[in-house]
Amino acid sequence: MEPSISIKNLALSFGNLKVLKDLNLEVGQGEFLVLLGSSGCGKSTLLNCIAGLLDITDGQIFIGGRNVTWEEPSQRGIGMVFQSYALYPQMTVAGNLSFGLKNAGLPKAEIEDRVNRAAKILQIEPLLKRKPAALSGGQRQRAAIGRALVRDVNVFLFDEPLSNLDAKLRADLRVEIKQLHQQLQNTMIYVTHDQIEAMTLADRIAIMRGGQILQLDTPHEIYNKPTSKYVADFIGSPTMNFFDGAIEGGDQLRFTTGDLSFTLEGYEFDAGTPAPGTAWFGIRPEHMLSGADAENAPIRMNGQVNLVEPLGSDTLARVTAEGHALWIRLDGQAAIASGDSIAIGFDPARANLFDKTTENRL
Amino acid sequence: MADSQVLTDTAAVTGPFGRRPKPIFSRRNIMLYGTLIVIAVYYLLPLYVMVVTSLKGMPEIRLGNIFAPPVEITFEPWVKAWSEACTGLNCDGLSRGFWNSVRITVPSVIISIAIASVNGYALANWRFRGSEVFFTILIFGSFIPYQVMIYPIVIVLREIGVYGSLTGLVIVHTIFGMPILTLLFRNYFVSVPEELFKAARVDGAGFWGIYFQIMLPMSLPIFVVAIILQITGIWNDFLFGVVYTKPDTYPMTVQLNNIVNSVQGVKEYNVNMAATIITGLVPLTVYFLSGKLFVRGIAAGAVKG
């Protein structure tokens, strides 16, 4: 099937500053793609390039099989939702929704029809006569989504649409956006720096850094098999525990860090058995076992609890063991306090190994 | 232990509680309002003298009690200032200058603001190659002293054939208002969220569509500020008026000067005072009517820049 959006060798620079570098990306029909990265990684810039709000320096952009590289934003067949809602303050919600349609010269009846349909989908019918100033944050964002919806386009672009909302509303609207996507089945590109939004919404996540896509894969793969240390470190909260050490050869590969040395039995290397050398050994806090579970783990050690963060659903503990400070995720009911001694263990099969110099997955 | 318990208890009962009392005649209030009243009187006194003098007849003025209210109120100086006072050969009072000033101010204000707002909008939202350089040059223009440009402009106006006419003066005012007005509008439009502009582009609005339908309705306060700045500035202008017009087309300020500074005959202080008040009435009215909007607009424009 033809991809909905395809970006070929896209580059953008402001003077000498290269914001996007030779970027290639294909987004399938009806796919929900999330661009994720820390601020300044170029994710919003990429979205603005797709929308046509920024003139690119090099490369091509195709939307729906059509080369739109030089086209105006309004002609690209996209709808866009902004972080600050960007509703026109002097127009009513209905006016906001119909502004683009009026500019396109649609007949009045058609405009009214589309506005009403969008309002119905988003449940903002009672608000149509109001000005944006008289709406709450969530209602404003819904109206902003409505403005993209009335355009009847196949591609929606979201630029951190939930960042200005409070935590509860954000969770609610996140679900609504997901439902909207299931209902409309159109292509969506969603920029965020919130990894929970990325993990929950995305069909695929593109992790960006320094104007390039580091890894493009499903949330499951990104979480469980990050291809680089940066991605491993970026995804997951609290972050992955890393041991700085070296892989030693022999009939059984061993990882040595400080006084700790253990075999890497069970770990599936990406590209065959690696040569001995320095490496990072990473393991997620939820893969750290404690108490009775730790007894059966292939690798065991004793640690001292420094800090406890009870989250209700589960409890995070910062533990010092063998000179390493480690995050451990425990059951929410775990009776644990700062200063306790605790047995911890883990299985190398669940770990992630990265080359020290290239930081790529081994 | 027990003692201290009692102590804190009584302190809680007898000590300060609730809203802190604010005596009206505190040292602070006396200082504050005293200063304000003194300053207000200082600035209002000349106006009082002008009004009082303009309502007196000449014999009463000659008594020399300039602060005394008029014994016999007469409006004759006002009538004379408006329609009879002589400047040069014309003896039709300030009315001629008033209408000249209106004919100068209205088109100058409208044209300068129309152009400057579009300038500011383009510089803020449609950055083009060299727009920053253009802006710098424009701002630099506001630092060049007027005196340097007076004679070159005389030549330019003469060459295009509008020297001495109201049209010429309107052109001069429009040009000289450009740097400060463009700066004002640019800074205001820069403070409008960029996403709004992007959203309008996605919605298919072009340069003028965004200007008229999005930006203009949002920027009423800054337009009020610009209108006030221009009306008062152009109405009060003397230098350009005296240089670029001729007696028939003198604006009100120039005519006022000619009435007050005439060296022939008796000095009619009452007529002079009335003429001055009439001339100052327009900017004064503008300030009174729009004071609140003015402050709001200035503040809005000053937030970012």
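Treat the numbers as computed from the prediction; the structure is a model and nothing was measured. (Residues numbered from 1 in each chain as written. Chains lettered and ligands numbered in written order. Predicted model: local features only at pLDDT ≥ 70, side-chain atom pairs only at ≥ 80, totals over all residues.)

Asks: What's the story with the overall build of chain A in this structure? I'm lost.
Replies: A count of helices and strands for chain A gives 9 helices and 20 strands. Across its three principal axes, chain A shows a C-alpha extent of roughly 75 × 45 × 40 Å. Every one of the 362 residues in chain A was classed for burial, and the buried ones make up 40%. (Helix = DSSP H or I, 4+ residues; strand = E, 2+ residues; numbered from the N terminus. Buried ≥ 20, exposed ≤ 12 C-beta atoms within 10 Å, placed from the backbone.)

Asks: Could you clarify how one ought to interpret helix α7 (residues 146–159) of chain B in this entry?
Replies: Quick reminder: α-helices carry 3.6 residues per turn. Residues three or four places apart thus point the same way. Residue and element names in this part refer to chain B. The terminal C-alpha atoms of α7 lie 20 Å apart, and with 14 residues this matches the ideal 20 Å at 1.5 Å per residue to within 8%. P152 marks the point of greatest bend in α7, at about 30°. Little of α7 sits out of view: just 1 of its 14 residues are buried. One or two steps after α7, the chain reaches G161, where phi turns positive at roughly 80°. (Expected span 1.5 Å × (residues − 1). Bend = angle between axes of the 7 residues up to and from the residue.)

Asks: Even after reading the chapter, I still don't get the packing of helix α8 (residues 166–191) of chain B against helix α11 (residues 220–236) of chain B, so can you show me in this structure?
Replies: Angle between the axes and distance between the axes: these two values describe a pair of packed helices. All names here are of chain B. The geometry of α8 relative to α11 is characterised by a closest axis approach of 11 Å and an angle of 155° between their N-to-C directions. Taken together, the axes of α8 and α11 are roughly antiparallel relative to one another. For the crossing formed where α8 meets α11, the hand is right-handed. Residues H173, G177, L181, L184, F185 and Y188 of α8 form the contact with α11, whose own contacting residues are I222, V225, A226, Q230 and I234. Class assignment for the residues of the contact of α8 with α11 results in 8 nonpolar, 3 polar and no charged. (Axes fitted to C-alpha atoms, helices over the stretch in contact; angles between N-to-C directions. Parallel < 35°, antiparallel > 145°, perpendicular 65-115°, else oblique. Left-handed = near helix turned anticlockwise from the far one by under 90°. Contact = placed C-beta atoms within 7 Å. Nonpolar A, V, L, I, M, F, W, Y, C, P; charged D, E, K, R; others polar.)

Asks: It is not clear to me how the sheet that holds strand β15 (residues 289–290) of chain A should be interpreted in this structure. Could you clarify?
Replies: Strand pairing within a sheet occurs via backbone hydrogen bonds; the two strands may be parallel or antiparallel. All names here are of chain A. Reading across from one edge, β15-β19-β16-β17-β18 is the order of the 5 strands in this open sheet, with antiparallel pairing throughout. Every interior strand has two partners, whereas the edge strands, β15 and β18 (324–331), have only one. Inspection of the sheet shows strand β17 (residues 314–321) paired to β18 by 8 bridges, in the antiparallel sense. The partner of R318 across the bridge, within β18, is W327. (Pairing = 2+ DSSP bridges.)

Asks: Just to check I follow, could you spell out the interface of chain B and chain A for this structure?
Replies: A common way to report how large an interface is uses the accessible area buried once the components associate. Facing the 14 residues of chain B at the interface are 17 residues of chain A. When contributions to the side of chain B that touches chain A are tallied by element, the ones reaching two or more residues are α9 (194–202) and α10 (207–218) of chain B. The leading source of residues in the side of chain B that touches chain A is α9(B), at 6 residues. Here the side of chain B that touches chain A is composed, by residue class, of 8 nonpolar, 2 polar and 4 charged.

Asks: I tried to follow the domain arrangement of chain B on my own but got confused; where do I start?
Replies: All names here are of chain B. On domain assignment, one finds that chain B holds domain 1 (2–54) and domain 2 (95–302). Distance from the C-alpha centre of domain 1 to the C-alpha centre of domain 2: 42 Å. On the side of domain 2, 6 residues touch domain 1, which itself brings 4 residues to the contact. Broken down by class, the residue content of the side of domain 1 that touches domain 2 amounts to 2 nonpolar, 2 polar and no charged. (Domains from an automatic or database assignment.)

Asks: Explanation requested: the nonpolar core in the structure shown.
Replies: Nonpolar side chains in soluble globular proteins tend to be buried together. Of all hydrophobic cores here, the largest spans 139 residues; its most connected members are A:V34, A:L35, A:I50, A:M80, A:L157 and A:I189. At 11 residues, the largest contribution of residues to this core is made by α8(B). In this structure A:V34 touches A:Y190, A:T192, A:A198, A:L201, A:A202 and A:I205, once residues within four positions along its chain are discounted. Formed by 11 residues, the second largest nonpolar core is a distinct cluster that contains B:A85, B:M273, B:A275 and B:I278. (Core = buried A, V, L, I, M, F, W, Y, C linked by C-beta atoms within 7 Å.)

Asks: What's the story with the sheet that holds strand β13 (residues 260–263) of chain A in this structure? I'm lost.
Replies: All names here are of chain A. The antiparallel open sheet is built from 5 strands, whose spatial order is β13-β12-β11-β14-β20. Every other strand in the sheet has two partners, leaving β13 and β20 (352–355) as the edge strands with one partner each. Each neighbouring strand pair of the sheet contributes to a mean axis angle of 35°, computed without reference to strand direction. Where strand β11 (residues 241–248) and strand β14 (residues 277–283) come together, 7 bridges link them in antiparallel fashion. Along β14, the bridge assignment pairs G245 with A279.

Asks: So what exactly am I meant to see when it comes to the domain arrangement of chain A here?
Replies: Residue and element names in this part refer to chain A. Assigned domains within chain A: domain 1 (5–233) and domain 2 (234–355). Here the C-alpha centre of domain 2 lies 38 Å away from the C-alpha centre of domain 1. When residues of the side of domain 1 that touches domain 2 are traced back to their parent elements, those giving at least two are α7 (219–224) and α8 (229–234). Among the elements that take part in the side of domain 1 that touches domain 2, α8 stands out by supplying 5 residues, more than any other. For the side of domain 1 that touches domain 2, the class distribution of residues is 7 nonpolar, 2 polar and 2 charged.

Asks: Looking at this structure, I do not really get the environment of A:G277. What am I missing?
Replies: Residue and element names in this part refer to chain A. Assignment of secondary structure puts G277 in strand β14. Classification of G277 as partly exposed rests on a count of 13 C-beta atoms within 10 Å. Along the chain, G277 and T357 lie 80 residues apart, while their C-alpha atoms are 9.6 Å from each other. Setting aside residues up to four positions removed in sequence, G277 forms contacts with A246, I247 and K356.

Asks: Sorry if this is basic, but what is going on with the pairing of strand β16 (residues 299–310) of chain A here?
Replies: A regular strand places its side chains so that they alternate between the two faces of the sheet. All names here are of chain A. For β16 and strand β19 (residues 341–346), the ladder comprises 6 bridges, and the chain directions are antiparallel. For R300, the partnering residue across the bridge sits in β19 and is G345. Looking at chain direction, β16 and β17 are connected through 7 bridges and run antiparallel. Within β17, the position partnered with V305 by the bridge is V319.

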